[in-house]
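Commentary on secondary and tertiary structure
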Amino acid sequence: MRGGFALAAKAVIIRGDKALVLRRSEKEIKKSYVNKDEPWDLPGGSVRYSESSAECLFREVREETSLGIRIVKPIRIFDAIKSRVHMTILIYVCEYRSGEVRLSEEHEKFYWVTAKEAEGLKLPPWMLRDINLAFGELEIRRKMKNRPRS
C-alpha cells in the first residue's frame, strides 16, 4: 500500500529567555496523521506545492499565532514515518519580532517558557531537545557577536 508524503516546517520561537510552546485543540489532535496522542506543538505546518519552507514558516506562524518572526537557521531535520504517511519535518530557530499571540482554532493554549520550565511541562523529548538546541544556537551567536575582534 502506498502512503502519502508531506514536508513540514516548525518554529522554535525565542523571545528573550523564553520559547513559545502551544497546546493543540481536541479537534486538531483528532485530525492529525502523525501525532494523534500528543497535545504539545510548535508553530508550523505543511509546506504547500511551490512554497519554500521559509515561506511556509512565515505563513503558518502568522496563521497560528499572529506573530512576526525572523528565521535564524534550521536546527534539525527528521522523518516521522507512520502507516499511511511519511512526513519530513524541518525545525528552525526563530526570533520573535512583533505581535501578541492570538491563537487559531488549531491550538487552545500557549506558554512562553524557559528551558527549565519546559521540562516541568512534560513536553515530548523531541520538543525539549529542539528548544534546548535553539537556546544553545542563540547563545553561541550572542557570544560570537560580542567576542572581541583582534
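Everything below is about the structure printed above this text.
The text that follows walks through the structure, step by step, so that each part is easy to find. Source: prediction; values computed, not measured.

The number of helices and strands found in the protein is 4 helices and 7 strands. Computed over C-alpha atoms, the radius of gyration of the protein comes to 16 Å, within 12% of the 15 Å expected from 2.2 N^0.38 for 150 residues, which places it in the range of a compact globule. Long-range contacts, defined here as pairs at least 24 residues apart, represent 67% of the contacts in the protein between residues at least 6 apart. As displayed, the protein has an accessible area near 9100 Å², and 52% of this comes from carbon and sulfur atoms. The positive charge centre, built from 30 side chains, and the negative charge centre, built from 22, are 3 Å apart in the protein.

On to the nonpolar core, then. The tendency in soluble globular proteins is for nonpolar side chains to be buried side by side. Residues V12, I14, V21, I89, L123, M127 and I131 are the most contacted members of the largest nonpolar core, which totals 25 residues. Of all the elements in the fold, those that place two or more residues in this core are β1 (4–15), β2 (18–24), β5 (68–81), β6 (85–98) and α4 (125–146). Tallying contributions element by element places α4 first for this core, with 7 residues. Those residues in contact with I89 that sit more than four places away from it in its chain are A8, K10, R76, I77, F78 and A80. Listed in part, the 18 residues of the second largest apolar core include A9, L22, L67 and C94.

Under the 1.5 Å per step criterion, the end-to-end length of helix α2 (residues 53–65) is 18 Å for 13 residues, consistent within 8% with the ideal 18 Å. Within α2 the residues assigned to the buried category are S53, C56, L57, R59, E60, V61, E64 and T65. Tucked into the core, α2 has its buried residues touching β1, β2, β4 (44–46), β5, β6 and β7 (107–113). A positive backbone phi angle near 70° is found at S66, which sits one or two residues after α2.

The next thing to look at is the packing of aromatic side chains. Following the criterion strictly, the structure yields 3 aromatic pairs and no others. Between the aromatic rings of F78 and W126, the centroid separation amounts to 6.2 Å while the plane-to-plane angle is 40°, which identifies the pairing as tilted. Placement of F78 in strand β5 and of W126 in helix α4 is noted, with a sequence separation of 48 residues between them. The burial state of F78 is the same as that of W126; both residues are buried. Seen in terms of ring centroids, Y96 and W112 are 6.2 Å apart; in terms of plane orientation they differ by 90°. Their pairing is edge-to-face. Taken together, the residues Y96 in strand β6 and W112 in strand β7 connect sequence positions 16 residues apart. Each of the two residues, Y96 as well as W112, counts as buried. Over the ring of W112 we find R15, and its NZ or CZ is 5.6 Å from the ring centre. Between R23 and the ring centre of W40, over which it is positioned, the NZ or CZ distance is 4.9 Å.

The rules we used
Residues numbered from 1 in each chain as written. Predicted model: local features only at pLDDT ≥ 70, side-chain atom pairs only at ≥ 80, totals over all residues. Heavy atoms only, no water. Helix = DSSP H or I, 4+ residues; strand = E, 2+ residues; numbered from the N terminus. Rg over C-alpha atoms; globule rule 2.2 N^0.38 Å. Contact = heavy atoms within 4.5 Å. Areas by Shrake-Rupley, 256 points an atom, 1.4 Å probe, with all protein chains shown as cover. Lys, Arg positive; Asp, Glu negative; His and termini not counted. Charge placed at Lys NZ, Arg CZ, Asp CG, Glu CD. Core = buried A, V, L, I, M, F, W, Y, C linked by side-chain atoms within 4.5 Å. Buried < 20%, exposed > 50% of the residue type's maximum accessible area, 1.4 Å probe, protein only. Expected span 1.5 Å × (residues − 1). Phe/Tyr/Trp six-rings, centres within 6.5 Å; stacked < 30°, edge-to-face > 60°. Lys NZ or Arg CZ within 6 Å of the ring centre and 35° of its normal.

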